[in-house]
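Structural overview for review
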Amino acid sequence: MQQKNKNNSMTDILTNMNTNVSPVERFVSATAGGALLAYGLKRGGGLGTVFSLLGGSLAFRGTTGHCHVYEAMGVDTNQGGETAPRNFKSGKSKTYENGLLSGKVHVSKSLTIDKSPAELYSFWRNFENLPQFMEHLESVKTTGEKTSHWKAKAPLGQSVEWDAETTSDQENVRIGWRSLEGADIPNSGVVEFLPTANRGTEVKVTMTYEAPGGALGAMFAKLFGEEPSQQVYGDLYRFKSLMESGEVITVEGQTSGREPQAKKATA
Amino acid sequence: MKAVCWMGKHSVQVMDVPDPKILNDRDAIIKITRTAICGSDLHLYNGYIPSMMQGDILGHEFMGEVVETGKAVSNLKQGDKVVVPFTIACGNCFFCKNEMFSVCDNSNPKPEGQETAYGFAGSGLFGFSHLMGGFAGGQAEYARVPFADVGPIKVPDSIEDEKVLFLSDIFPTGFMAADNCNIKEGDTVAIWGAGPVGQFATKSAFMLGAEKVVVIDHYQDRLDFAQANNPNVETINFDDVEVHDKLKDLTGGRGPDSCIDAVGLESHGTSVDSLLDYAKAAVFLATDRPHALRQAIFCVRKGGTVSIPGAYGGFMDKFPIGAAFNKGLTFKMGQTHMQAYMPRLLAAVEEGKIDPSFVISHRLNLSEAPMAYDNFNTEKNQWRKVVLNPNG
Ligand SMILES: NC(=O)c1ccc[n+]([C@@H]2O[C@H](COP(=O)([O-])OP(=O)(O)OC[C@H]3O[C@@H](n4cnc5c(N)ncnc54)[C@H](O)[C@@H]3O)[C@@H](O)[C@H]2O)c1
Ligand SMILES: [Zn+2]
Ligand SMILES: [Zn+2]
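Overview of the structure. (Residues numbered from 1 in each chain as written. Chains lettered and ligands numbered in written order. Predicted model: local features only at pLDDT ≥ 70, side-chain atom pairs only at ≥ 80, totals over all residues. Heavy atoms only, no water.)

Now for the overall build of chain A. Counting secondary structure elements, chain A contains seven helices and nine strands. Here chain A holds 267 residues, and 48% of them are scored as buried. Partitioning the intrachain contacts of chain A with sequence separation of at least 6 by distance along the chain shows that 56% fall at a separation of at least 24. Just so you have it, chain A exposes about 13,000 Å², and 54% of that area is on carbon and sulfur atoms. (Helix = DSSP H or I, 4+ residues; strand = E, 2+ residues; numbered from the N terminus. Buried < 20%, exposed > 50% of the residue type's maximum accessible area, 1.4 Å probe, protein only. Contact = heavy atoms within 4.5 Å. Areas by Shrake-Rupley, 256 points an atom, 1.4 Å probe, with all protein chains shown as cover.)

Turning our attention to the interface of chain B and chain A. Facing the 60 residues of chain B at the interface are 46 residues of chain A. Where chain B meets chain A, there are three salt bridges. Here A:Lys240 makes a salt bridge to B:Asp105, at a shortest N to O gap of 2.8 Å. Here chain B and chain A share 20 residue pairs in polar contact (both at pLDDT 80 or more) between them. (Salt bridge = Lys/Arg side-chain N within 4 Å of Asp/Glu carboxyl O. Polar contact = N/O pair within 3.5 Å; in protein donor to acceptor, adjacent residues only side chain to side chain.)

This part covers the packing of helix H5 (residues 117–125) of chain A against helix H7 (residues 228–245) of chain A. Residue and element names in this part refer to chain A. The N-to-C vectors of H5 and H7 enclose an angle of 120 degrees; their axes lie 11 Å apart at closest approach. Crossing hand, H5 versus H7: right-handed. Residue-level contacts link Glu119, Leu120, Phe123 and Trp124 of H5 to Phe239, Leu242 and Met243 of H7. Here the contact of H5 with H7 is built from residues that sort into six nonpolar, no polar and one charged. (Axes fitted to C-alpha atoms, helices over the stretch in contact; angles between N-to-C directions. Left-handed = near helix turned anticlockwise from the far one by under 90°. Nonpolar A, V, L, I, M, F, W, Y, C, P; charged D, E, K, R; others polar.)

This part is about the pattern of salt bridges. Applying the stated criterion to the full structure yields 23 salt bridges over all chains. We note a salt bridge from B:Lys385 to B:Glu61, for which the minimum N-O separation is 2.7 Å. Of this pair, B:Lys385 sits in the loop between helix H13 (369–378) and strand E18 (386–389) while B:Glu61 sits in strand E5 (residues 61–69), and the two are 324 residues apart along the sequence. We note that B:Lys385, like B:Glu61, is buried. Linked by salt bridges that have partners in common, A:Glu135, A:Asp235 and A:Arg238 make up one network.

Any two of four tetrahedral donors ideally make an angle of 109.5 degrees at the metal, while pairs among six octahedral donors ideally make 90 or 180 degrees. Residues and elements named next belong to chain B. Within the protein, the zinc ion (ligand 3) binds to Cys90 (SG), Cys93 (SG), Cys96 (SG) and Cys104 (SG); these donor distances fall in the range 2.3 to 2.5 Å. Classification of the site at the zinc ion (ligand 3) as tetrahedral follows from its four donor atoms and the range of 101 to 116 degrees in their angles at the metal. Binding-site remark: the zinc ion (ligand 3) is held by donors from one chain whose sequence spacing is C-x2-C-x2-C-x7-C. Taken together, the residues span a long stretch of sequence, with cysteine 93 in the loop between strand E7 (87–88) and helix H2 (94–97) and cysteine 104 in the loop between H2 and helix H3 (111–118) at a distance of eleven residues. (Donors = N, O, S within 2.8 Å, 3.2 Å for Na, K, Ca; no water. Tetrahedral: all angles 85-135°; square planar, octahedral: opposite > 155°, others 65-115°.)

Strand order in the open sheet made by the four strands is E9(A)-E2(B)-E1(B)-E4(B), with antiparallel pairing throughout. With one partner strand each, in any of the chains shown, strand E9 (263–264) of chain A together with strand E4 (56–57) of chain B form the two edges of the open sheet. Sheet topology note: the strand E1 (residues 2–8) of chain B/strand E2 (residues 11–16) of chain B ladder contains six bridges and is antiparallel. What sits directly across from B:Val4, in E2(B), is B:Val14. Sheet strands touched by H13(B): E1 and E2 of chain B. Its angle to E2(B), the strand with the most contacts, is close to 160 degrees. (Pairing = 2+ DSSP bridges.)

Quick look at the side chain of B:Thr251 now. All names here are of chain B. Residue placement: threonine 251 occurs in the loop between helix H8 (243–250) and strand E14 (258–261). What makes threonine 251 buried here is its relative accessible area of 2%. Polar side-chain contacts of threonine 251 include one of 2.9 Å to the backbone nitrogen of glycine 255. Among residues more than four places away in sequence, those in contact with threonine 251 are Thr188 and Pro256.

All names here are of chain B. Mapping aspartate 261 onto the fold places it in strand E14. Among the residues examined, aspartate 261 registers a relative accessible area of 0% and is labelled buried. As for aspartate 261 and valine 82, which are separated by 179 residues in sequence, their C-alpha atoms are 30 Å apart. Other than its neighbours up to four places away in sequence, aspartate 261 contacts Trp192, Ala292, Leu293, Ser307, Ile308, Pro309, Gly310 and Tyr312.

Moving on, we come to the sheet that holds strand E11 (residues 188–192) of chain B. All names here are of chain B. The sheet built from six strands is open, its strands ordered E13-E12-E11-E14-E15-E16 with parallel pairing. Edge positions in the sheet fall to strand E13 (233–237) and strand E16 (330–333), since each of these pairs with one other strand and no more. Across the sheet, the mean angle separating the axes of adjacent strands is 20 degrees when strand polarity is ignored. Sheet topology note: the strand E12 (residues 212–217)/E13 ladder contains five bridges and is parallel. Along E13, the bridge assignment pairs aspartate 217 with asparagine 237. Seen against the sheet, helix H6 (residues 196–207) touches E11, E12, E13 and E14 and runs at an angle of roughly 170 degrees to E12.

This is the structure in structure tokens:
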């Protein structure tokens, strides 16, 4: 994918992060989104799905002025200087090198989990539990009081490994960690557990990756997806399900008429 | 096993597919003894619900016998007779704890679709598209039931399947529709749609103390059926009679205290607004055809309630917000919070207060599903509710 980033400098992207879709395009998106959703609904089937979901995301973009696709591509069509409230201070700076993500990626996501800070903290604090909900992780081993060894799944049955250290640890409040020298993809994270009056705990995860360019960039994309914030959100969602319901529900491996053995029944 | 698969718009097929397996610790496998076709299945059949894939197993109204349980299920054992609710719910999240089971946080393994389309994702549903989690359904010989320690309700072996089968959906759905009307002594409730959901909403409105129910449809046999099965029902065939005027007539000019839309997104009609809906849906400017809903909003009395069990999926055009606002209306809607209603409705069946099997018009074998879908979709006078037997 070529970088379609006309005359936007890196700082433009940074400052326009929250609304990267121009007002006109927003209107078109909202309308076309509705139409595509409708088209998908009418059509049904695989392609229908794509159209509906695409329609849904266009409609979404139309109403929020924020396009994840553009964001991932580093494209900003909102050059009229419309300012929007900055509710996420994620300060992402992303660019594409040969079509691959590189640079510093900063992601922050929150989700409320109906458990106490203590229950959530103690599960997370045992880093060896993390692969149960962090999709890309294969294993984490505790190697010392503050150190651990992380192994992530990589394409073609390979894996990426690195050592990490705990940078902050406040019981039932927050845990911070970062990779040590030598990691292919330097990364760090903080998780905070904020109690609420009666809604459980607001869990906020902030992650920073140093996304490399080139071949490693491709690896990065495979590991964290085109949209790392989606990955972090997915992990957080799985953490919530695991803590609340004791499992992460799945439909993978279920039966359907698409299985190779499936065939039309004879009466 | 044999299963009814969605193959595309207006196409279902009975296929031989692999048997289901336990995938999560809180799962159970149920051997299905009875399963039904729902008006909701017709929305899939007619291609109105996005994100269906060829080969998806249909069906969300089923019951049977427990044959296997996952490690974490201790309240069910092999041989238990259970009815399975169509909404899948964890029982642990904020919403489940507050009895809003159909918006459970943890039962939809694919929340992204609804988060994009609706802002947040509802619960998983059996056999109801990948937006709703993509779970294989229960028009089959066996089904995998997630969160089996929370969903399925045990029923006595002595009770006939047909009397409890509809605890899986349409009885609680009709009941919640009426419950949402907050019925008071002397109330008149108007119900659009004399399908199975409308029939159960009618029975439930009386169970909850309504004085009179007015049922609106254009299938005369369905209207007559509602009248024959209840004490104080008036009917309006909208092909012959102007609905708003007639409702005023029937309520001394007040209008019904509450209106129930048991039609959903495929409303029929030939009024100007509904013809426009057909046209817009055809060119994709709107997705749902909400003629009945508009009429309900228009007809309900001031300060009344509009309760919507009929299913909607996308956008509606010409929502009469002015009427809703200036009359000070209350709206209640949603997929049914099944688990919240099943125990008390099972009790009502056991106490003989209602025999839900009254609604059945056809009893067929699973292999006859394609023919049954076709007829239920078009021959609505005769085909009111189809029950399938997977072992027949
Ligand atoms: N909320 C839930 O959880 C839930 C559960 C089950 C079913 N549903 C929905 O309830 C609706 C009804 O289900 P059903 O099984 O009774 O379906 P059905 O198709 O058998 O019945 C619908 C009836 O509505 C009538 N109708 C169509 N247009 C009308 C109009 N303009 N005015 C009055 N009546 C009109 C039809 O003639 C038909 O008799 C569907 O939308 C279904 O998806 C919702
Ligand atoms: Zn149903
Ligand atoms: Zn839940």
